[in-house]
Structures are given as structure tokens and as C-alpha cells.
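# Structure assessment
Chain residues, written in single-letter form:
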Amino acid sequence: MGAIFGTALSLILTVGGAVVAAEGGPGAAQYYLAGHVLLGVGIGLLIATMLRCGVRVLLARAASREPKASMKASIGEYASVTVLPVRTASVVPLRGRHAA
């Protein structure tokens, strides 16, 4: 959820910065600066989100490979399993409207 929110926020800031930077008219210098700041923040957040997603993918791949190697090593070993007896459900006589 954080990656989705970060990507949406960075895209909004990038588009907003590009719009403000492309806007012309009186006092364009302050808007030009504000647009570039928003554009930089948006692109920075987008890069950070992409790096975080990439690291998650790499960690997920490393974690998925590890159990397979340990499973192959322990195939010859047997584990003892204890099964507990199953208790039967107690029967309660139904009275009143529940008996119908």
C-alpha cells in the first residue's frame, strides 16, 4: 500500500510541477522555481519508490530460494508425528424453540 501511495504522490507532484513550470505569465519566475522544486520532489519520490520496490523483489527472490535448498538437504530425515485423539461433541438436549 505504501508503494502505491508513494507512486501516486510522486506522479501528482511531478505533473503539478510540470504544469506550474510550463505556466507563463506575470511573476513567472517564482512559479518557475516552485514548479522545478515540485518536479524535483516528485521525481525523487518516484525514484525512491522504484528503488524500494526493486529491493523488495530482490529480497523476495532470495527468501524464496533459501527454503528449497534446506528442503532438499532434509529429505532423508523423518520426523515423529503425534496425533491427539479427537473428542466427540457433547450432545445437549434441546428445549423450547431450539428443539424444533
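Residues numbered from 1 in each chain as written. Predicted model: local features only at pLDDT ≥ 70, side-chain atom pairs only at ≥ 80, totals over all residues. Heavy atoms only, no water.

### Observations concerning the overall build of the protein chain
- Along its length, the protein chain carries two helices and zero strands.
- If you take every contact in the protein chain between residues at least 6 apart in sequence, the share linking residues at least 24 apart comes to 64%. (Helix = DSSP H or I, 4+ residues; strand = E, 2+ residues; numbered from the N terminus. Contact = heavy atoms within 4.5 Å.)

### Section: a nonpolar patch on the surface
- A surface patch of nonpolar side chains, amounting to about 270 Å² of accessible area, comprises Leu-33, Val-37 and Val-41.
- Structurally, Leu-33 can be placed in helix H2 (residues 28-73). (Patch = residues over 30% accessible without salt bridge, like charges linked within 9 Å, V, L, I, M, F, W, Y side chains within 5 Å. Areas by Shrake-Rupley, 256 points an atom, 1.4 Å probe, with all protein chains shown as cover. Salt bridge = Lys/Arg side-chain N within 4 Å of Asp/Glu carboxyl O.)

### Considering the environment of Leu-45
- Residue position: Leu-45 is located in helix H2.
- Separated by 39 residues in the primary sequence, Leu-45 and Gly-6 have C-alpha atoms spaced 6.8 Å apart.

Taken by themselves, the reported measurements are silent on function.
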